[in-house]
Amino acid sequence: MFGAALKILQNQWKSYRHRFVPWVVLNLSKNEKTLRQVRERSEDKLVPDEEVSQSLLQLFGVLLRSHGAAHGELRPYQTRFLGQSLSEEDPCGVVSVCGDYEDDAMLQSLGFCLDRKPSSLPFAGTGVFVAKGRVPKGATVAMYPGTVYQFYEPILLQSIRNPFVFRCIDGVLIDGNDRGLSKLVFKSCSGRDRIGPFMMSDSSWLTSRPQNPLAVGQYVNNCSYEAPANVCYQEYDVPDNFPIQLRQYLPNVNYSHDAQRPVRCVVLVSLRDIEAGEELLSNYYTIVH
């Protein structure tokens, strides 16, 4: 009995230790090859925010067009709400014809699509792979979904036995857990922020079939000595002029309703060209000198 209890404690410690600051500090020197280091906070951005916005607008525009009948029923109400006609043309000039429209839209607009399956790393659980196409260096390849918490907002209960809490450089936290209390909080906040017929965030990432195929960043595994990182995290605040009809694909929502605060997203950007069949691997820790 004692052995079984000890094994349970060991497994829980393995899940929690990466968020226990003293353990992280003591073990940083042992994992230098798996660390990403920058000299200033501004150097955390591999590509300009404008390029991230362009990639998201390109994909979201095709997704909006590809949804077909469901959006066709909503379009008249959206048009009246905006007081202007939404364009009937695809922003990217592409129309999805594949039944699996999310992957098809991603492949046509970005040149690649992703798949979740068992990781190539031992004991790493689920991983994210490039299923088709090719990811060029500097591309926005995934998004880290979840509820966004400022450093002073309550997240203690949600963080218990939760390995999906992402900490930004400025202390902002993103809870990417798709189960339990975390799931309930996200769905509640997402419904709260709705403006007329427009959803301001996408809660479908909580299911096995997210309508935004980029919203799988929480499943990207940490690199190893043998398998170096091919993507990195980059903080991205959604600009005020981001089209209201495309915000329904953003997989993030603020915990507290604050119209003056932009929604924080974290995207994963490719560090090199990534071919089909390769697993996406990141650096879980960024050291700012």
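A brief look at the structure comes next.

Calculation rules
- Residues numbered from 1 in each chain as written.
- Predicted model: local features only at pLDDT ≥ 70, side-chain atom pairs only at ≥ 80, totals over all residues.
- Heavy atoms only, no water.
- Patch = residues over 30% accessible without salt bridge, like charges linked within 9 Å, V, L, I, M, F, W, Y side chains within 5 Å.
- Areas by Shrake-Rupley, 256 points an atom, 1.4 Å probe, with all protein chains shown as cover.
- Salt bridge = Lys/Arg side-chain N within 4 Å of Asp/Glu carboxyl O.
- Helix = DSSP H or I, 4+ residues; strand = E, 2+ residues; numbered from the N terminus.
- Buried < 20%, exposed > 50% of the residue type's maximum accessible area, 1.4 Å probe, protein only.
- Pairing = 2+ DSSP bridges.
- Axes fitted to C-alpha atoms, helices over the stretch in contact; angles between N-to-C directions.
- Core = buried A, V, L, I, M, F, W, Y, C linked by side-chain atoms within 4.5 Å.
- Contact = heavy atoms within 4.5 Å.
- Parallel < 35°, antiparallel > 145°, perpendicular 65-115°, else oblique.
- Left-handed = near helix turned anticlockwise from the far one by under 90°.

### Description of a nonpolar patch on the surface
Phase 1: A cluster of nonpolar side chains, contributed by L157, I160, L181 and L184, occupies part of the molecular surface with about 420 Å² of accessible area.
Phase 2: Tracing the backbone shows L157 in helix α6 (residues 156-159).
Phase 3: In this structure L157 comes out as exposed when scored by relative accessible area, which is 59%.

### Some thoughts on unusual backbone geometry
Phase 1: The phi dihedral of F123 is positive, around 60 degrees, even though this residue is not glycine.
Phase 2: Its location among the elements puts F123 in the loop between β2 (112-118) and β3 (126-135).
Phase 3: Taking relative accessible area as the criterion, F123 reaches 89% and is therefore assigned exposed.
Phase 4: The phi dihedral of R161 is positive, around 55 degrees, even though this residue is not glycine.
Phase 5: Within the secondary structure layout, R161 lies in the loop between α6 and β6 (165-167).

### Re the sheet that holds strand β11 (residues 264-270)
Phase 1: Spatially, 3 strands are ordered β4-β11-β9 in an open sheet, and the strand pairing comes out antiparallel. Edge positions in the sheet fall to β4 (140-144) and β9 (231-237), since each has one partner strand and no second. In this sheet, neighbouring strand axes are inclined to one another by 35 degrees on average, regardless of whether the strands run parallel or antiparallel.
Phase 2: Here 4 bridges tie β4 to β11, and the two strands are oriented antiparallel to one another. From the neighbouring strand, T140 faces β11, where its bridge partner is V269.

### Details of the nonpolar core
Phase 1: Of all hydrophobic cores here, the largest spans 47 residues; its most connected members are F60, L114, V141 and L280.
Phase 2: The biggest single contributor to this core is helix α3 (residues 49-66), with 7 residues.
Phase 3: Each residue touching F60, except ones within four places of it in the same chain, is listed here: M143, N212, F242, L246, Y249 and L250.
Phase 4: Among the nonpolar cores identified, the runner-up in size contains 11 residues, and Y149, I155, L173 and C189 belong to it.

### Comments concerning the packing of α3 against helix α5 (residues 101-110)
Phase 1: Relative orientation of the contacting elements α3 and α5 amounts to 140 degrees, with a least axis distance of 9 Å. Comparing the axis directions of α3 and α5 gives the class oblique. The handedness of the crossing between α3 and α5 is right-handed. Facing S55, Q58, L59, V62, L63 and S66 of α3, the residues of α5 in contact are Y101, E102, A105, M106, S109 and L110.

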